[in-house]
Amino acid sequence: MSDIHTLSVQDIIKPENLVYEKTKLMTDKTLSYCPGCGHGTAHRLMMEAIEELGKENDTIGVAPVGCSVLAYEFMNVDMQEAAHGRAPAVATGIKRVWPNKLVFTYQGDGDLAAIGTGETIHACNRGEQIVMVFINNGIYGMTGGQMAPTTLPEMKTSTSPYGRDVNMMGNPLKMTELIAQLPGTHYVTRQAVHTPAAARKTKRAFKKAFQNQIDGKPGVSFVEVVSNCNSGWKMTPIDSNKWMEENMFPFYELGDIKVDGKLIEK
Amino acid sequence: MGELKLMKGNEALAEAAIRAGVDGYFGYPITPQSEVIEYLMAEKPHDRTGMVVLQAESEVAAINMLYGAGATGKKAMTSSSSPGISLMQEGLSYLAGAEIPCVVANIVRGGPGLGDIQPAQSDYFQSVKGGGHGDYRLPVLAPASVQEMSDFVPLSFDLAFKYRTPVLIVSDGLIGQMMEKVELFDTMPRLTDEEVTARYPWGTNGKPKGGERRIMTSLDLDPHKLEKHNFHLQDKYRTLEEDEVKYELIDCDDADYVIVAYGSSSRIAQKSIQLARKEGIKVGLLRPITLWPFPKKQINALIKQGVKGFLSVEMSAGQMVEDILLTVGDRTKVAHFGRYGGVIHSPEEVLEALKQKIIGG
Amino acid sequence: MTEEIIIAGFGGQGVLSMGKILAYSGIMQDQEVSWMPSYGPEMRGGTANVTVIVSDERISSPTLTCYDTAIILNQQSMDKFESTVKPGGVLIYDPNGITHFPTRTDITIYTIEGAKLAADMGNTKIFNMVVLGAYLKVKPIVQLENVIKGLKKSLPERYHKLIPLNEDAITMGMKNVVTS
């Protein structure tokens, strides 16, 4: 009989038995995200990266409008809530008057790639020294599953109930490839958080992005996270992750797109 | 005595921004106020005081840059003209809701729509009644000279930080483009990062060591909490109405009639008053300096004093006149005279309107 | 003393800068001044005009419908502003390019061959200073030494070497203004 069965609750919570600890840069507030959603993981990985870099007191984050509108409730650093799509402009304002602080935006696909396209492209083109995090789940989650600029062709949403007809509704927008072309971006990568291995990679990407800013590397460090929306996609969490691997990843290919200011040759 | 210069109103505003210790100016060119950002770029304020100047990609971006910078406790400013200010209304609502201090100057031009680029005062409603969505007010200062374009910049920042609110400077193409003698105030040093942190503990500029993180937001999904926040905002606006009304009276002591006019219109009306007095008509001028809060008490005092009629003179179809009417009611005569669409009224036609609408009417 | 002036001509004739130098001269002798230009698309290659007021008192309206003096440098401006001179006022014009001469008899009319004199002096850019000289001869509202001080204030340092030339141009204008 192994020892584990003899461990009481009192034993488990002993410091020497600690195997995992929630970063203190996440608050104790219960996440408002649907069970199975990738937002919570992305939040935690970002906050772990900031904590490990020792920047708890030097970080200002900007939350978007969308599912993560309440990100500031969960991220335990100084936070500002921006108007829909304007986070890169808000972050520009902060960084320009506090050049030594770490500034990041956290936005969804509607915020970053639809209403805020102008702010996204121009912040990237000016080469603002900020970290931009882009959560792409191909749908408007908060408002109930409408079509996003990133919705795949033929994908059904509440505003494309018969599937996205690209001739009528336009094509999905690869914002990350688009901004990678701009000289103002320094590091551009696309990751995922649906498996432990993917999450570990994403954390490394966050850390690299923030380290770039700490080191004063010129330009934006941009991390896209392709994520699921099991509620919006009307699937179980497990099915949604499978669907994401089969449908989203072939279109939104994972991996680094630009490193140290140079596009990766494919 | 400070340095004397001949400057355009727009240039005086820009120079005052540098001298007032502004940390960041974010703007987008539009006639008739492009001299503001042109002057700032030419002056290299970063070398002079450390002030940052950035040309944004749009007025929408500019106002949100103010949100970011202002929410950290730094002094942030922008300027634009009517169509650009319309684009900023969303941002102003958020700034008012989140209680972020900043200063926004509107060098008003003719509207509606793209309108023209000549002076107008048709953004009065937008300035004093809210402009964006939600229940909020902004203190609005209306300079009537190039000197005031300079002096009202530090004055606006004082109000902005005292009350944690955006403050509007509402001028127009005439004051912006005109040159006058201006006595420049001495440069005030920008606050250091440490001073900002100590003075404005609400500023989101990095969580204090051992302290709680700060959140700058206009969102509260709990209606009862949001109502409480609105009560707080309304209390602030009542205090502003009580304590911060500014106005100027000219020749009102013996006046039978009073012209109410602000900004450029008040300058033209001064000439009309001179013309009237030459004809033996006793006319005075009430010049609101704060358009909101509006000098209601002063209007009441003038009625008590025996003033027999008020003529609102505006380069608009009649906007401020509504606030005069709200104050006066049916106690005495109130009328409006205005030219609009960028047409400036002449001193002579103002006098004629006074005779027709107030004295004879 | 309050002097209300309109200066009007083509863009590029130095209308706005003449007004600016006059305004600066007023500041140099502790007077109140205002300078209000026409602005906008009409400025691009079209007509330019500026209202300058110099006064011992606080200036009321910076825009006016009638003037003590009109300085007119092209036909379009003549058509527009001859009628705006107050009775008893002054109109100064350069006959170069004028086809319809002023006809009013209740004002004093002067001419200055500004364009010709500037060309004779070898620099057409000082045209506006010749005209300013003519005006100051007729209406000495500011002293010449204050005009020079005003020039120093309004010109960037690198142009200060041109101040003697400008002074010569003003003198030339003063000598050559004639009643028409």
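Owing to the predicted nature of the structure, the values given are computational and were not obtained by experimental measurement.

## A closer look at helix α6 (residues 117-126) of chain A
Inference 1: Three or more residues of α6 of chain A are buried, namely E119, T120, A123 and C124 of chain A. Buried residues of α6 of chain A, viewed axially, fall in a sector of 125 degrees; they line one side.
Inference 2: In the core, the buried residues of α6 of chain A are packed alongside α4 (87-97), α5 (109-115), α8 (175-180), β7 (185-192) and β8 (220-226) of chain A together with α4 (59-70) of chain B.
Inference 3: Backbone geometry just downstream of α6 of chain A places G127 of chain A in the positive-phi region, at approximately 70 degrees.

## Regarding the interface of chain B and chain A
It is common to give the size of an interface as the accessible area lost on bringing the parts into contact.
Inference 1: Opposite the 34 residues of chain B that make contact, chain A presents 29 residues.
Inference 2: Mapped onto the side of chain B that touches chain A, the elements with two or more residues apiece are β2 (24-27), β3 (52-55), α4, α6 (89-98) and β9 (215-216) of chain B.
Inference 3: When residues in the side of chain B that touches chain A are grouped by element, the largest group, seven residues, is from α4 of chain B.
Inference 4: Looking at side-chain class alone, the side of chain B that touches chain A contains 15 nonpolar, eleven polar and eight charged residues.
Inference 5: Looking at chain direction, strand β2 (residues 78-81) of chain A and β9 of chain B are connected through two bridges and run parallel. Looking across to β9 of chain B, one finds that Q80 of chain A is bridged to M216 of chain B.

## Quick look at the environment of F210 of chain A
All names here are of chain A.
Inference 1: In this structure, F210 sits in helix α9 (residues 196-214).
Inference 2: Among the residues examined, F210 registers 22 C-beta atoms within 10 Å and is labelled buried.
Inference 3: When the C-alpha positions of F210 and L102 are compared, they lie 7.4 Å apart, and in sequence the two are 108 residues distant.
Inference 4: Those residues within four positions of F210 in sequence are excluded, and the remaining contacts are A49, I50, L53, K55, L102 and V131.

## Quick word on the sheet that holds strand β7 (residues 178-179) of chain C
Inference 1: Strand order across the open sheet formed by nine strands is β1(B)-β8(B)-β2(C)-β3(C)-β1(C)-β4(C)-β5(C)-β6(C)-β7(C), with mixed pairing between neighbours. The sheet is open, and its two borders are formed by β1 (3-8) of chain B together with β7 of chain C, each paired with just one other strand.
Inference 2: Of the strand pairs in this sheet, strand β2 (residues 32-37) of chain C and strand β3 (residues 47-55) of chain C are connected by six bridges, and their pairing is antiparallel. Paired with S34 of chain C across the strands is I53 of chain C, a residue of β3 of chain C.

## Some thoughts on the domain arrangement of chain B
All names here are of chain B.
Inference 1: Along its sequence, chain B is carved into domain 1 (3-194) and domain 2 (247-359).
Inference 2: Computed over C-alpha atoms, the centres of domain 1 and domain 2 are 27 Å apart.
Inference 3: Facing the 25 residues of domain 1 at the interface are 21 residues of domain 2.
Inference 4: Going through the elements one at a time, α7 (124-128), β6 (140-141), β7 (166-172) and α9 (173-177) are the ones with two or more residues in the side of domain 1 that touches domain 2.
Inference 5: Per-element accounting of the side of domain 1 that touches domain 2 gives the leading share, four residues, to α7.
Inference 6: Looking at the side of domain 1 that touches domain 2, its residues break down into 15 nonpolar, six polar and four charged.

## With respect to the sheet that holds strand β10 (residues 262-263) of chain A
Inference 1: Spatially, the nine strands line up as an open sheet ordered β10(A)-β9(A)-β7(A)-β8(A)-β4(A)-β3(A)-β1(A)-β2(A)-β9(B), and their pairing is mixed. Of all strands in the sheet, those with a lone pairing partner are β10 of chain A together with β9 of chain B, marking the two edges.
Inference 2: Both strand β1 (residues 59-63) of chain A and β2 of chain A contribute to a ladder of four bridges, which runs parallel. Residue pairing for β2 of chain A: G61 of chain A is matched across the bridge by M79 of chain A.
Inference 3: Strands β3 (102-108), β4 (131-136), β7 and β8 of chain A of the sheet are contacted by α9 of chain A, whose axis makes an angle of about 165 degrees with β7 of chain A.

## Concerning helix α12 (residues 263-278) of chain B
Residue and element names in this part refer to chain B.
Inference 1: Between the first and last C-alpha of α12 there are 24 Å, a value that for 16 residues agrees with the 22 Å anticipated at 1.5 Å per step.
Inference 2: Burial runs high along α12: twelve of the 16 residues are buried.
Inference 3: Within α12, the full set of buried residues consists of G263, S264, S265, S266, R267, I268, A269, Q270, K271, S272, I273 and A276.
Inference 4: G280 sits one or two positions beyond α12 and adopts a positive phi of about 85 degrees.

## Things to note about the interface of chain C and chain B
Inference 1: In this assembly, 18 residues from chain C lie in contact with 20 residues from chain B.
Inference 2: No other element matches the six residues that β2 of chain C contributes to the side of chain C that touches chain B.
Inference 3: Here the side of chain C that touches chain B is built from residues that sort into nine nonpolar, seven polar and two charged.
Inference 4: In this sheet, β2 of chain C lies alongside strand β8 (residues 179-184) of chain B in antiparallel orientation, the contact comprising two bridges. Following the sheet pairing, E180 of chain B is matched in β2 of chain C by S34 of chain C.

## Some remarks on the packing of helix α1 (residues 15-28) of chain C against helix α5 (residues 144-154) of chain C
Residue and element names in this part refer to chain C.
Inference 1: Where α1 contacts α5, the axes come no closer than 8 Å and their chain directions differ by 115 degrees. In terms of axis orientation, α1 runs roughly perpendicular to α5. Handedness of the crossing formed by α1 with α5: right-handed. Note on element contacts: α5 touches α1 through N146, V147, K149, G150, L151, K153 and S154, opposite K20, I21, Y24, S25 and M28.
Inference 2: Residues of the contact of α1 with α5, tallied by class, amount to five nonpolar, four polar and three charged.

## Description of the arrangement of the chains
Inference 1: Ranking the two pairs of chains in contact by number of contacts places chains A and B first.
Inference 2: Kept free of each other, chain A and chain C leave a smallest C-alpha distance of 29 Å between them.

## Observations concerning unusual backbone geometry
Inference 1: The peptide bond linking T31 of chain B to P32 of chain B adopts the cis configuration, its omega dihedral lying at 5 degrees.
Inference 2: As for its position among the elements, P32 of chain B is in the loop between β2 and α2 (35-43).
Inference 3: Phi is positive for D251 of chain B, close to 55 degrees, though the residue is something other than glycine.
Inference 4: In this structure, D251 of chain B sits in the loop between β10 (247-250) and β11 (257-260).
Inference 5: Positive phi is not limited to glycine here, since D30 of chain C has a value of about 60 degrees.
Inference 6: With respect to the helices, strands and loops of the structure, D30 of chain C is situated in the loop between α1 and β2.
Inference 7: Exposure remark for D30 of chain C: the 10 C-beta atoms within 10 Å place this residue in the exposed category.

Calculation criteria
- Every residue gets a number counted from 1 within its own chain, in the order that chain's sequence is written.
- Chain A is the first chain written and ligand 1 is the first ligand written, with later ones labelled in order.
- Side-chain atom pairs in this predicted model are given and counted only at pLDDT of 80 or more, local residue features only at pLDDT of at least 70, and totals for whole chains, interfaces and linings cover all residues.
- Exposure criterion: with C-beta atoms placed from backbone coordinates, a residue whose C-beta has 20 or more other C-beta atoms within 10 Å is buried, one with 12 or fewer is exposed, and one in between is partly exposed.
- The numbering of helices and of strands both runs from the N terminus, where a helix is a DSSP run of H or I of at least 4 residues and a strand a run of E of at least 2.
- The directions considered for the arc are those from the helix axis to the C-beta atoms.
- Contact between residues is assigned whenever the C-beta positions, reconstructed from backbone atoms, fall within 7 Å.
- All amino acids are sorted into three groups, where Ala, Val, Leu, Ile, Met, Phe, Trp, Tyr, Cys and Pro are nonpolar, Asp, Glu, Lys and Arg are charged, and the leftover types, Gly among them, are polar.
- Only strands joined by at least two bridges in the DSSP assignment are considered to pair.
- The start and end points of each domain follow an automatic or database-based domain assignment.
- Between N-to-C directions, angles span 0 to 180 degrees; the directions come from axes that are lines fitted to C-alpha atoms, helices contributing only their stretch in contact.
- Here the expected span of a helix is defined as 1.5 Å times the quantity of residues minus one.
- The scheme is simple: roughly parallel for angles under 35 degrees, roughly antiparallel for over 145, roughly perpendicular for 65 to 115, oblique for anything else.
- In this scheme the crossing of two helices becomes right-handed for a clockwise turn of the near helix relative to the far one and left-handed for an anticlockwise turn of less than a right angle.

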